[in-house]
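In case you want the letters, here they are:
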Amino acid sequence: IGLFMGTMGTAPTLEGQVQQAVAAEQDGFDGYWIPQIAGADALTLLALVGRQTSRIEMGTAVVPTFPRHPMMLAQQALTTQASAGGRLVLGSGLAHKTSVEGRWGLKFDTPALHMEQYLTVLRSLVDTGSVDYDDTLFRVSGEIQRASTSPLPICIAALAPRMLRIAGELA
């Protein structure tokens, strides 16, 4: 049994959010999940939580793909995984057309293709620390230093049949 925190009302301070997670672990909860909306950066917050807890699973629900390059997300997630002692579950997703186009000024033309190519790049970087990928939406070639070699589970938000297939094959 886990807690999903941070979507309603006034968010506590950063320290308050860390203390919520510490209290959740002390109270016997198995997981502490937070969204990536407009508050504190979810992965940075979970890196801090990981330093103050010892067993509780931590997850993001969900980090949007469009505003973060997959190489950047891989670096940040692996750093958080190292800080958390291997207890992170990376939840990621497309977000919504209104956010992607209205808030971030990006195109939401081919969301499933975007997710498929994004996850291919992300998974390669998380698993091996390198990628050499050239396709229609992403052309990425490079390496990152893997701050953690612990397996990093990736979950994706998926509603449509194609997205469910992508989740099953790539996440």
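This text goes with the structure placed above it.
Note that the structure is a prediction, hence the values are computed from the model and not measured.

1. Looking at the layout of surface pockets
When its volume is computed, the largest pocket comes out at roughly 510 Å³. Its residues assigned to classes, the lining of the largest pocket comprises 14 nonpolar, four polar and two charged.

2. Notes on the packing of helix H1 (residues 14–26) against helix H2 (residues 42–52)
The contact between H1 and H2 brings their axes to 9 Å, and the two run at 50°. On the basis of their axis angle, the class for H1 and H2 is oblique. The two elements H1 and H2 cross, and the hand of that crossing is right-handed. The segment H1 lies against H2, with Leu14, Gln17, Val18, Ala21 and Val22 engaging Leu45, Leu48, Val49 and Gln52. When the residues that make up the contact of H1 with H2 are grouped by side-chain class, the tally is seven nonpolar, two polar and no charged.

3. Quick look at the side chain of Thr65
Topologically, Thr65 is positioned in the loop between strand S4 (63–64) and helix H3 (70–83). Note on Thr65: relative accessible area 1%, which makes it buried. Residue contacts for Thr65: discarding those within four places in its chain leaves Ser92, Gly93, Leu94, His114, Met115 and Tyr118.

4. Remarks on the nonpolar core
Of all hydrophobic cores here, the largest spans 44 residues; its most connected members are Leu90 and Leu122. Among the elements that make up this core, the one with the highest residue count is helix H5 (residues 111–128) (eight residues). Not counting residues within four places of it along the chain, the set of residues in contact with Leu90 comprises Leu43, Thr60, Val63, Leu73, Ala77, Leu122, Leu152, Pro153, Ile154 and Cys155.

5. Topic: the packing of aromatic side chains
Counting across every chain of the model gives two aromatic pairs. Each ring, one from Phe66 and one from Phe108, has its centre 5.5 Å from the other, and the planes form 45°; the classification is tilted. In this pair, Phe66 sits in the loop between S4 and H3 while Phe108 sits in the loop between helix H4 (97–103) and H5, placing the two residues 42 residues apart along the sequence. Owing to a relative accessible area of 16%, Phe108 belongs among the buried residues under this scheme. Both rings, one in Tyr118 and one in Phe138, keep their centres 5.8 Å apart while their planes meet at 75°; by these two values the pair is edge-to-face. Of this pair, Tyr118 sits in helix H5 while Phe138 sits in the loop between strand S6 (130–134) and strand S7 (139–143); the two residues are 20 residues apart in sequence, bridging distant segments of the chain.

6. Concerning the environment of Ser141
Relative to the assigned elements, Ser141 resides in strand S7. The exposure class assigned to Ser141 is exposed, which follows from its relative accessible area of 59%. Measuring from C-alpha to C-alpha, the distance between Ser141 and Leu46 comes to 28 Å, with 95 residues separating the pair along the chain. Sequence-distant contacts of Ser141, defined by excluding residues within four places in its chain, comprise Val131 and Asp132.

7. Some words on H5
What sets the pattern is the α-helix's 3.6 residues per turn: residues three or four places apart point alike. With 18 residues, H5 should cover 26 Å at 1.5 Å per step; its first-to-last C-alpha distance of 26 Å lies within 8% of that length. On its buried face, H5 sits against H3, strand S5 (88–93), S6, S7, strand S8 (154–156) and helix H6 (161–170). Once H5 finishes, Gly129 follows within two positions and takes phi at roughly 85°, a positive value.

Criteria and thresholds
- Residues numbered from 1 in each chain as written.
- Predicted model: local features only at pLDDT ≥ 70, side-chain atom pairs only at ≥ 80, totals over all residues.
- Heavy atoms only, no water.
- 1 Å grid on protein atoms, 1.4 Å probe; cavity = no way out; pocket = protein on both sides within 12 Å on 5 of 7 lines; lining within 4 Å.
- Points joined across faces, edges and corners; volume = space filled by probe spheres on them.
- Nonpolar A, V, L, I, M, F, W, Y, C, P; charged D, E, K, R; others polar.
- Axes fitted to C-alpha atoms, helices over the stretch in contact; angles between N-to-C directions.
- Helix = DSSP H or I, 4+ residues; strand = E, 2+ residues; numbered from the N terminus.
- Parallel < 35°, antiparallel > 145°, perpendicular 65-115°, else oblique.
- Left-handed = near helix turned anticlockwise from the far one by under 90°.
- Contact = heavy atoms within 4.5 Å.
- Buried < 20%, exposed > 50% of the residue type's maximum accessible area, 1.4 Å probe, protein only.
- Core = buried A, V, L, I, M, F, W, Y, C linked by side-chain atoms within 4.5 Å.
- Phe/Tyr/Trp six-rings, centres within 6.5 Å; stacked < 30°, edge-to-face > 60°.
- Expected span 1.5 Å × (residues − 1).

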